[in-house]
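If you want the building blocks of each chain, they are given just below.
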Amino acid sequence: MRPEAQALKGHLDVLLLAALADGPQHGYAIKEALREGSGGRFDLPTGTVYPALHRLERAELIAGSWSIVDGRRRRSYRLTDEGKRRLAGERANWREFARAVTGILERNPWPATS
Amino acid sequence: MAGHQLIDDYLAELARRLPADDVDELADGLEEAFQHYRQRGFPVTSAAAAATAEFGDPALITRAFVRRAPGRRAALALLASGPVFAALWGGSLISAHAWTWPIPHGATAAFGATLLVVVAALVAVALSTSYRRTRLAGPACGLLVLLDGGMLAAVALAAPALSWPMTLAIPASLVRIGLAARSIPRILVG
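Residues numbered from 1 in each chain as written. Chains lettered and ligands numbered in written order. Predicted model: local features only at pLDDT ≥ 70, side-chain atom pairs only at ≥ 80, totals over all residues.

Observations regarding the overall build of chain B
Helix and strand counts for chain B stand at 9 helices and 0 strands. Helices and strands appear in chain B in the N-to-C order α-α-α-α-α-α-α-α-α. Scaling as 2.2 N^0.38, a compact globule of 190 residues should have a C-alpha radius of gyration of about 16 Å, whereas chain B reaches 24 Å, well beyond that. Referenced to the eigenvectors of the C-alpha coordinate spread, the extents of chain B come out at roughly 80 × 25 × 20 Å. The burial tally for chain B puts 32% of its 190 residues in the buried class. Considering only residue pairs separated by 6 or more positions, chain B has 75% of its internal contacts joining residues 24 or more positions apart. (Helix = DSSP H or I, 4+ residues; strand = E, 2+ residues; numbered from the N terminus. Rg over C-alpha atoms; globule rule 2.2 N^0.38 Å. Buried ≥ 20, exposed ≤ 12 C-beta atoms within 10 Å, placed from the backbone. Contact = placed C-beta atoms within 7 Å.)

This is the structure we're talking about:
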């Protein structure tokens with residue numbers, strides 16, 4: 001697995017929720033939003049994004065619905081109210097975490113001890 | 001679909017492994033990916049190859065679906081909680097001297113054999129790399145409901161009195177009956 005994909009593992013759910021923040025999307029559009037939003041760093045095998053979406057749907061964080069587009073069946077997803085709440089909470093947690101890590105990583109170098 | 005043989009073969013491979021709804025969803029995404037590459041100027045064959053490569057190996061996709069299949073999750077949960085139930089019912093039966101209960105030996109043997117079948121089916125589902133095999137968890141859950149029901153009926157009809165381990169085992173089995181029964185439709189259509 002690529003290092004970026006490995007790093008993404010624990011954060012995939014919230015990133016998928018964030019990709020739906022602006023409105024309903026189908027699976028490929030969500031995957032593209034992740035890739036473009038990360039400047040190409042998070043480029044997962046597309047086929048593996050769908051099971052993650054299904055899991056979020058079973059958890060009732062997103063809701064899927066079928067439509068017909070150009071003669072094909074298309075499943076699109078939207079955030080549920082619970083999904084919106086989870087995304088807002090995760091965003092707040094992330095900001096707090098990032099602020100703490102930045103505070104440590106970007107302060108002046110430690111003075112020499114001897 | 002784009003009608004390219006490479007994409008058709010890829011989808012046929014997925015159709016052998018995954019439920020029809022999942023394949024339809026993947027097919028739509030694959031068409032989007034194919035058109036995306038065509039718009040970037042890729043020739044048809046290169047666009048089909050790039051789209052299928054972007055989606056990943058069908059075996060990898062299948063594994064990702066299997067990991068999150070409702071049947072596999074149910075099997076793992078039932079196997080993980082199995083030792084707790086074994087301890088609860090084992091303690092209950094020993095404390096109530098169940099070997100003295102008026103239960104036909106044939107019924108006891110059938111119960112034991114069915115339990116072994118259920119455990120074997122759940123282990124097979126937990127280790128499976130085939131999505132279809134994860135649906136075995138549905139019938140296994142059905143049998144488990146019958147086994148729990150049978151145990152509760154045996155206690156109601158044959159146990160001379162309730163022992164304290166039964167006060168834990170009975171509600172635990174009732175909860176498992178409810179959860180297992182509720183998960184069956186999701187497993188069979190998921």
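A look at the overall build of chain A
Scanning chain A from N- to C-terminus turns up 5 helices and 3 strands. In sequence order, chain A lays out its α and β elements as α-α-β-α-α-β-β-α. Within the span of chain A, comprising 114 residues, buried residues form 28% of the whole. Taking all contacts inside chain A whose residues are at least 6 apart in sequence as the whole, residues at least 24 apart take part in 44%.

As for helix α3 (residues 27-37) of chain A
Working note: α-helix, 3.6 residues per turn, so residues spaced by three or four point in the same direction. Of all the residues in α3(A), the buried ones are A:G27, A:Y28, A:I30, A:K31, A:E32 and A:L34. A:G39 sits one or two residues past α3(A) and shows a positive phi near 65°.

Considerations on the domain arrangement of chain B
Along its sequence, chain B is carved into domain 1 (5-65) and domain 2 (69-189). For domain 1 of chain B versus domain 2 of chain B, the distance between C-alpha centres works out to 41 Å. (Domains from an automatic or database assignment.)

Let's talk about the confidence of the model for chain B
For chain B, the average pLDDT comes to 92, and 98% of its residues sit at 70 or higher. Model confidence for the complex is summarised by a pTM of 0.76, with the ipTM given as 0.81. (pLDDT = per-residue confidence, 0-100.)

Points about the sheet that holds strand β2 (residues 62-69) of chain A
Strands pair in a sheet through their backbones, by hydrogen bonds, and they do so in one of two ways: parallel or antiparallel. Residue and element names in this part refer to chain A. The antiparallel open sheet is built from 3 strands, whose spatial order is β1-β3-β2. Because the sheet does not close on itself, it has two edges, and the strands there are β1 (25-26) and β2. The pairing of β2 with strand β3 (residues 72-79) spans 8 bridges and is antiparallel. By the bridge assignment, G64 is partnered in β3 with Y77. (Pairing = 2+ DSSP bridges.)

Considering the nonpolar core
Soluble globular proteins tend to bury their nonpolar side chains together. Counting residues in each nonpolar core, the largest one holds 36 residues, and the members touching the most others are A:L20, A:L53, A:I62, B:L30, B:F34 and B:A51. Breaking this core down by element, the ones donating at least two residues are α2 (12-19), α3, α4 (49-58) and β3 of chain A together with α1 (5-17), α2 (20-39), α3 (44-55) and α4 (58-67) of chain B. Per-element accounting of this core gives the leading share, 5 residues, to α2(B). Counting 15 residues, the second largest nonpolar core, distinct from the first, contains B:V118, B:C141, B:A180 and B:I187. (Core = buried A, V, L, I, M, F, W, Y, C linked by C-beta atoms within 7 Å.)

A look at helix α6 (residues 105-127) of chain B
Residues and elements named next belong to chain B. Spanning 23 residues, α6 covers 33 Å between terminal C-alpha atoms, matching the ideal 33 Å at 1.5 Å per step. Listed in full, the buried residues belonging to α6 are V118, A121, L122 and V125. Contacts from the buried residues of α6 go to α5 (70-95), α7 (131-134) and α8 (137-158). (Expected span 1.5 Å × (residues − 1).)

Quick look at unusual backbone geometry
Residues and elements named next belong to chain A. At E60, a position not held by glycine, the phi torsion is positive, near 65°. Take E60: it is sitting in the loop between α4 and β2. Assessed through the 11 C-beta atoms surrounding it within 10 Å, E60 is described here as exposed. For D70, which is not glycine, the phi dihedral falls at a positive 50°. In this structure, D70 sits in the loop between β2 and β3. The class for D70 is exposed, based on 8 C-beta atoms found within 10 Å.

Let's talk about the pairing of β3(A)
The two faces of the sheet receive side chains in turn, since in a regular strand these alternate between them. Residues and elements named next belong to chain A. Taken together, the 2 bridges between β1 and β3 define a ladder with antiparallel strand orientation. Bridge pairing in β3 links Q25 to Y77. Counting the residues between successive antiparallel strands, the hairpin from β2 to β3 contains 2 residues, one of them, D70, with a positive phi of roughly 50°.

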